[in-house]
Amino acid sequence: MYDMEEVQKKQAISLSEVKEILGKVDPEEMDQIQRWTYDYVSKFASIEPKDAKEMKKQLIKECELTEDEAVEIVNIRPTSLAELRSFTFGWKKLILAETLEKMLKIIKGQ
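Everything quoted here is computed from the prediction, not taken from an experiment. (Residues numbered from 1 in each chain as written. Predicted model: local features only at pLDDT ≥ 70, side-chain atom pairs only at ≥ 80, totals over all residues. Heavy atoms only, no water.)

## A short note on unusual backbone geometry
- In this structure, Glu64 is a non-glycine residue whose phi angle is positive, near 55°.
- Relative to the assigned elements, Glu64 resides in the loop between helix 3 (49–63) and helix 4 (67–76).
- Residue classification places Glu64 among the exposed positions, given a relative accessible area of 66%. (Helix = DSSP H or I, 4+ residues; strand = E, 2+ residues; numbered from the N terminus. Buried < 20%, exposed > 50% of the residue type's maximum accessible area, 1.4 Å probe, protein only.)

## Regarding the domain arrangement of the chain
- Domain boundaries assigned for the chain yield domain 1 (15–44) and domain 2 (49–108).
- Of note, the centres of domain 1 and domain 2, computed from C-alpha atoms alone, are 25 Å apart.
- On the domain 2 side, the residues contacting the four residues of domain 1 number five residues.
- Between domain 1 and domain 2, a total of about 460 Å² is buried, with carbon and sulfur atoms accounting for 50% of that surface.
- There are two salt bridges connecting domain 1 and domain 2.
- Note that Glu20 is salt-bridged to Lys53, the shortest N-O span being 3.2 Å.
- Looking at the side of domain 1 that touches domain 2, its residues break down into one nonpolar, one polar and two charged. (Domains from an automatic or database assignment. Contact = heavy atoms within 4.5 Å. Buried area = accessible area lost by both parts, 1.4 Å probe. Salt bridge = Lys/Arg side-chain N within 4 Å of Asp/Glu carboxyl O. Nonpolar A, V, L, I, M, F, W, Y, C, P; charged D, E, K, R; others polar.)

## Brief notes about the packing of helix 5 (residues 81–88) against helix 6 (residues 97–108)
- For the pair helix 5 and helix 6, interaxial distance at closest approach is 10 Å and the crossing angle is 110°. Relative to helix 6, helix 5 is oriented roughly perpendicular. From helix 5, Leu81, Leu84, Arg85 and Thr88 reach across to helix 6, where they touch Leu100, Glu101, Met103, Leu104 and Ile107.
- Among the residues making up the contact of helix 5 with helix 6, the classes are represented as six nonpolar, one polar and two charged. (Axes fitted to C-alpha atoms, helices over the stretch in contact; angles between N-to-C directions. Parallel < 35°, antiparallel > 145°, perpendicular 65-115°, else oblique.)

Here's what the structure looks like:
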């Protein structure tokens with residue numbers, strides 16, 4: 001029977017960060033879910049882990065996003081205000097146009 005490790009802490013992380021963590025594990029030691037997850041993040045993680053961490057940190061600090069919201073934006077990386085609005089609309093909170101502009105600049109690395 002497989003023993004689950006005790007949860008040390010719960011934190012939202014980007015696909016790039018998941019890829020970094022699982023990339024340190026020997027594929028022979030991964031269970032099926034870990035392998036599927038690694039395959040998925042290898043296909044869809046589009047930026048370097050350190051860049052994803054920095055982007056997440058900036059979105060939280062400068063745009064007052066929650067960690068979960070920042071991770072969602074880092075993973076999806078919308079390219080236009082319209083696309084960004086479509087994601088933030090689901091959060092059921094008012095985000096000012098200037099904050100959306102700031103978010104887009106952070107996402108684009110400007």
